[in-house]
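Observations on the model geometry
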Amino acid sequence: MKEQVLKKFEELYGNAGGAGVYFAPGRVNMIGEHTDYNGGHVFPCALTIGTYAAVKKRTDRKLRFYSMNFDSMGVMESSLDDLTPSNAAGWTNYPKGVMWAFAERGMKMDCGLDIVLNGNIPNGSGLSSSASLEVLTGFYLRDLFGFDVTNVDLALIGQYSENNFNGMNCGIMDQFASAMGKKDNAIFLDTADLSYQYAPLVLDGAKIIVTNSNVKHSLVNSAYNERRSECEKALEELKTVVDIKNLGNLSEEQFEANKGAIKDEIRKKRAKHAVYENQRTIRAVEALKNNNLKEFGELMNASHVSLRDDYEVSCDEIDVLVEEAWKVDGVIGSRITGGGFGGCTVSIVKDEAVETFKEKVGAAYQERVGKTADFYVVEIGDGPSKL
Ligand code: GLA
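Let us look at the structure shown here.

Procedures and definitions
Residues numbered from 1 in each chain as written. Predicted model: local features only at pLDDT ≥ 70, side-chain atom pairs only at ≥ 80, totals over all residues. Heavy atoms only, no water. Core = buried A, V, L, I, M, F, W, Y, C linked by side-chain atoms within 4.5 Å. Buried < 20%, exposed > 50% of the residue type's maximum accessible area, 1.4 Å probe, protein only. Helix = DSSP H or I, 4+ residues; strand = E, 2+ residues; numbered from the N terminus. Near = heavy atom within 4 Å. Polar contact = N/O pair within 3.5 Å; in protein donor to acceptor, adjacent residues only side chain to side chain. Areas by Shrake-Rupley, 256 points an atom, 1.4 Å probe, with all protein chains shown as cover. 1 Å grid on protein atoms, 1.4 Å probe; cavity = no way out; pocket = protein on both sides within 12 Å on 5 of 7 lines; lining within 4 Å. Sits in = over half its atoms within 2 Å of the grid points. Nonpolar A, V, L, I, M, F, W, Y, C, P; charged D, E, K, R; others polar. Salt bridge = Lys/Arg side-chain N within 4 Å of Asp/Glu carboxyl O. Pairing = 2+ DSSP bridges. Contact = heavy atoms within 4.5 Å. Axes fitted to C-alpha atoms, helices over the stretch in contact; angles between N-to-C directions. Phe/Tyr/Trp six-rings, centres within 6.5 Å; stacked < 30°, edge-to-face > 60°. Lys NZ or Arg CZ within 6 Å of the ring centre and 35° of its normal.

Some points on the nonpolar core
Membership of the largest hydrophobic core comes to 42 residues, with the highest contact counts inside it found for Met99, Phe102, Met109, Leu113, Tyr140 and Leu141. Looking at this core element by element, the count peaks at seven residues for helix α3 (residues 129-145). Ranked by size, the runner-up nonpolar core spans 29 residues in total, among them Val28, Phe43, Leu203 and Leu299.

Now the structure itself:
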């Protein structure tokens, strides 16, 4: 990857001497879905796949972007004096948004950049290619301009730019997982105060498998923002009867005792998911600490059911993948992962069942959906780095 981006850099912009090469990972979430904007817990890990960039300072204020994943768009030009979102800017709205977010915090770049990107996260897979691009951008800006920010700041700046520049009201999970990733560990993050613990996730006798449905339904962003406002509204209603800051403050019992305050059945289901999923996540991490993989898997399965029925962010293709996974002997747990409406599932599968899992789930998906699923055995990697 390093050689590839440098070679492309040389081809497009001439001399690659002095260009730095950087990497930031994608993520997969094990459990704790749609809890991160509800002040709940999440349990994601960084992947060894992600986004790479070769970057070099210019002497003027021009920005030149090129992505090897979007060759047909060619070199996209912009300027430090034009950090505003536009449809025409396509994927460059992500790095531009991060540059804008740094500037908003008083950290201004004093020259433009030439940039070549290449990523190996399958596009639209829900493994956070956009968060990895945001964290990557922040990471090279810090390196090149000496901005005084921590990796947690990189995550917050990435989220801020995605919310305010790209119009997606995402929580902090994806950017945090990318910026704070640690090899062989998942991150148990409390999104209410950003306190976190690493938890080793090397499974004895089992593998983590990500299955890509290769579908992405177009309502992703709008439905996501809608879920988020439904939860906010439900929280307001609950606050009239119980003293809480966010849905993550409630136990299941407290929710059941107070849910009458929510005046709409749909909102009640959304809030129920947020509360129960948070408690499931806390329990799952506890189970993992106690080496109780069976319970961890059962909680993953329950998470799927809740995302399918109460939060309604799954889709037929994903439900087929999960149902078929549940049928395979040796599958410890399987669920949708990420924002939803397509993308990937995450499963824990016993070593000896991995091949059967791929064959059976792959064949059933082909038969029932008419599409090919892709399978990746996950390796958990570190956060961003300079190569
Ligand atoms: C997307 C968002 C995250 C999180 C997940 C759902 O990936 O970017 O912030 O809300 O969906 O858990």
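Notes on the site of the ligand
For the ligand, the full set of nearby residues is Arg27, Glu33, His34, Asp36, Tyr37, Cys170, Gly171, Met173, Asp174, Tyr224, Gly338 and Gly339. Contact between the ligand and His34: an oxygen atom at 2.7 Å from a main-chain N or O atom of the residue. Here an oxygen atom of the ligand and a side-chain polar atom of Asp174 are 2.6 Å apart. Protein chains shield 95% of the accessible area of the ligand, which is 300 Å² for the free molecule. Of the pockets mapped on this structure, the ligand occupies the largest pocket. Its residues assigned to classes, the shell around the ligand comprises four nonpolar, four polar and four charged.

What to know about the pattern of salt bridges
Applying the stated criterion to the full structure yields 29 salt bridges. Between Arg58 and Asp114 there is a salt bridge whose closest N-O contact spans 3.0 Å. In this pair, Arg58 is assigned in the loop between β3 (44-57) and β4 (62-67) and Asp114 in strand β6 (residues 113-119), connecting sequence segments 56 residues apart. Arg58 gets classed as buried once you look at its relative accessible area, which sits at 17%. When the shortest N-O distance is used, the salt bridge between Arg227 and Glu226 registers 3.2 Å.

Re the sheet that holds strand β8 (residues 195-200)
The antiparallel open sheet is built from three strands, whose spatial order is β2-β7-β8. Each of the sheet's edge strands pairs with one partner strand only, and the pair in question is β2 (41-42) and β8. Pairing analysis gives six bridges linking strand β7 (residues 185-190) to β8, with the strands arranged antiparallel. Its bridge partner lying in β8, Asp190 is registered against Ser195. Helix α5 (residues 173-180) contacts β2, β7 and β8 of the sheet and is inclined by roughly 135 degrees relative to β7.

A look at the pairing of β4
The buried fraction of β4 amounts to five of the six residues, a majority that puts the element mostly inside the structure. Relative to strand β5 (residues 76-79), β4 is paired through four bridges, and the arrangement is antiparallel. Directly across from Leu63, in β5, lies its bridge partner Ser78.

Some thoughts on the packing of aromatic side chains
This structure, assessed with the given rule, holds 16 aromatic pairs. A ring pair is formed by Tyr196 and Tyr198, whose centres lie 5.6 Å apart and whose planes are at 80 degrees; its orientation type is edge-to-face. For Tyr196, a relative accessible area of 34% puts it in the partly exposed group. Here Tyr198 falls in the partly exposed class, since its relative accessible area comes to 29%. Between the NZ or CZ atom of Arg105 and the centre of the ring of Tyr160, over which it lies, the distance is 6.0 Å. One cation-aromatic arrangement involves Lys272 over Tyr276; the distance from NZ or CZ to the ring centre is 5.1 Å.

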